[in-house]
Amino acid sequence: MQKKRISLLMPSQLKQDFKDLLKEEGVSPRKKSSYFESALKKYMSKTDPEILKSLERDGISNYVNDSSDVYLITEDTSIALDGLIYRLKHLDPLLEGVQSCLVRASLVNCLVNK
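Just so we're clear, the structure is a prediction, and the values are computed from it rather than from any experiment.

Asker: Can you walk me through the side chain of D69 in this structure?
Answerer: Position of D69 among the secondary structure elements: in strand β2 (residues 67-74). Under the relative-accessibility criterion, D69 is labelled buried at 13%. Polar side-chain contacts of D69 include one of 2.7 Å to the side chain of K32. In terms of polar contacts, D69 uses its side chain to reach the side chain of Y71, at 3.2 Å. D69 has contacts with I6, S7, L8, M10, K15 and K32, leaving out every residue within four places of it along the chain.

Asker: Please clarify how helix α1 (residues 12-25) should be interpreted in this entry.
Answerer: Each α-helix turn comprises 3.6 residues. Residues three or four places apart therefore point the same way. The end-to-end C-alpha distance of α1, which contains 14 residues, comes to 20 Å, matching closely the 20 Å that a straight helix rising 1.5 Å per residue would cover. Turning to α1, its buried residues are L14, F18, L21 and L22. All buried residues of α1 project into a common sector of 100° when viewed along the axis, lining one side. Set apart from the buried face of α1 by more than 90 degrees, the exposed residues are Q13, K19, K23 and E24. Buried residues in α1 make contact with β1 (3-10), α2 (32-44), β2 and α5 (98-112). One or two steps after α1, the chain reaches G26, where phi turns positive at roughly 75°.

Conventions adopted
For every chain, the first residue of its written sequence is number 1, and the numbers climb from 1 along that sequence. For a predicted model such as this one, the threshold for reporting local features is a pLDDT of at least 70, and the threshold for listing and counting side-chain atom pairs is 80 or more; totals across whole chains, interfaces and linings nevertheless cover every residue. Hydrogens and waters are ignored; side-chain quantities use all the structure's heavy atoms. Comment: elements are numbered from the N terminus, with helices defined as DSSP H or I runs of at least four residues and strands as E runs of at least two. Per-residue accessibility, obtained with a 1.4 Å probe over protein chains only, is compared with the maximum for each type, and a residue is labelled buried under 20%, exposed over 50%, and partly exposed between these values. Throughout this description, a polar contact denotes any pair of N or O atoms lying within 3.5 Å of each other; where both atoms belong to protein, one of them has to be capable of donating a hydrogen while the other can accept it, and for residues adjacent in sequence the pair is counted only when both atoms sit in side chains. Between two residues, a contact is recorded if the distance between any of their heavy atoms is within 4.5 Å. One less than the number of residues in a helix, times 1.5 Å, gives the span that helix is expected to have. In this context, the arc is that of the directions from the helix axis out to the C-beta atoms.

What is shown is where atoms sit, not what they do.
Laid out in structure tokens, this is it:
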């Protein structure tokens, strides 16, 4: 199955917290992308207005992004993510950096709801 590579900048604390969660859950570094993809799918299952509100409320795009990471997702998830980005941009045309915001928000959501 084809995988899509997502790389993004993020706060170093978020990256460390996610790494700690993986260690706590017993997830090996090789399974990091699978774990991330589950978190992303769960986050994307919310309604578009809920997601838009959480992105605005949490100010995810306003954090200092001083670290980076790479995740691999399946083509199906990639298509779903692209569709969600399109719908969110339709709801708020001024929204910028939507994919990165969604990815960071899904990680935050994963950490908060562990």
